[in-house]
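# Structure assessment
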Amino acid sequence: MKKGIIASLALIVAIIGLVNIDWQRLGKDHLYVQVGKVTEVEETTLDSGDVVHRYVYSTEALTKDGDPQAVTFTAAKELQSGAYLKLYVKSKDEVTSYDEVSVADVPEAARKQL
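Every value quoted in this text rests on a predicted model; they were computed, and no experiment measured them.

### Quick word on the nonpolar core
Counting 15 residues, the largest nonpolar core has Tyr57, Val71, Phe73, Leu79, Leu85 and Leu87 as the members making the most contacts within it. Among the elements of the structure, strand 1 (29-34), strand 3 (51-62), strand 4 (68-75) and strand 5 (84-90) are those that each provide at least two residues to this core. Ignoring sequence-local partners within four residues, the contact set of leucine 87 consists of Asp29, His30, Leu31, Val33, Ala61, Val71, Phe73, Val95, Ser97 and Tyr98. Core analysis: the next-biggest nonpolar cluster, separate from the first, contains six residues, Leu62, Tyr84, Val101 and Val106 among them.

Structure below.
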């Protein structure tokens with residue numbers, strides 16, 4: 001009986017853990033960028049008639065070693081110009097997510113070039 005309860009609790013904890021994992025960030029490479037001007041604004045009209053904007057940024061990002069890499073990513077709102085971002089990237093150029101970080105969180109080799 002105790003083993004069954006323990007196994008059930010362990011299964012519940014595992015399921016909760018898997019649901020809360022951010023799969024867009026897990027195991028991705030990191031690039032660093034300082035936000036510049038919006039490259040393009042995409043407009044999509046929903047069935048309800050509402051218009052949704054996506055802000056496109058095409059820029060050069062840097063690896064932790066300071067190596068440049070061209071990237072394009074989108075945001076649901078216009079990002080603050082000059083802010084520093086940590087991009088989560090798969091397949092070298094597909095940005096899956098990003099976080100705003102302080103300049104102190106940017107690796108030194110990349111920071112020198114931003």
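Next comes the rest of the account.
### What to know about a nonpolar patch on the surface
Residues Met1, Ile5, Leu9 and Ile12 make up a contiguous nonpolar surface patch of about 470 Å² in total accessible area. Assignment of secondary structure puts methionine 1 in the segment before helix 1 (2-19).

### As for the packing of aromatic side chains
Applying the stated criterion to the full structure yields two aromatic pairs. Measuring from centroid to centroid gives 5.4 Å for tyrosine 57 and phenylalanine 73, while their planes differ by 15°, and the two rings are stacked. With tyrosine 57 in strand 3 and phenylalanine 73 in strand 4, this pair connects stretches of sequence that are 16 residues apart. Considered together, tyrosine 57 and phenylalanine 73 belong to a single accessibility category, that of buried residues.

### What to know about the pattern of salt bridges
Evaluated as defined, the whole model comprises one salt bridge. Between glutamate 108 and lysine 112 there is a salt bridge whose closest N-O contact spans 3.6 Å. Neither residue differs from the other here; glutamate 108 and lysine 112 are each classed as exposed.

### Focus: the pairing of strand 5
For strand 5, the tally of buried residues reaches five of seven residues, placing the bulk of the element in the interior. Examined bridge by bridge, strand 5 and strand 6 (residues 94-101) share seven bridges and lie antiparallel to one another. Residue pairing across strands places tyrosine 88 opposite serine 97, the latter belonging to strand 6. Here strand 5 folds back onto strand 6 in antiparallel fashion, the turn holding three residues, of which serine 91 has a positive phi close to 55°.

### Digging into the pairing of strand 2 (residues 40-45)
In terms of strand pairing, strand 2 meets strand 3 through six bridges, oriented antiparallel. Opposite glutamate 43, over in strand 3, you have histidine 53 as the bridge partner. Hairpin connection, strand 2 to strand 3: the antiparallel pair is bridged by five residues, and glycine 49 has positive phi, about 95°.

### Some words on the side chain of threonine 63
Tracing the sequence through the fold places threonine 63 in the loop between strand 3 and strand 4. Excluding residues that lie within four positions of it along the chain, threonine 63 makes contacts with His30, Leu31, Tyr32, Gln69 and Ala110.

Conventions adopted
Residues numbered from 1 in each chain as written. Predicted model: local features only at pLDDT ≥ 70, side-chain atom pairs only at ≥ 80, totals over all residues. Heavy atoms only, no water. Core = buried A, V, L, I, M, F, W, Y, C linked by side-chain atoms within 4.5 Å. Buried < 20%, exposed > 50% of the residue type's maximum accessible area, 1.4 Å probe, protein only. Helix = DSSP H or I, 4+ residues; strand = E, 2+ residues; numbered from the N terminus. Contact = heavy atoms within 4.5 Å. Patch = residues over 30% accessible without salt bridge, like charges linked within 9 Å, V, L, I, M, F, W, Y side chains within 5 Å. Areas by Shrake-Rupley, 256 points an atom, 1.4 Å probe, with all protein chains shown as cover. Salt bridge = Lys/Arg side-chain N within 4 Å of Asp/Glu carboxyl O. Phe/Tyr/Trp six-rings, centres within 6.5 Å; stacked < 30°, edge-to-face > 60°. Pairing = 2+ DSSP bridges.

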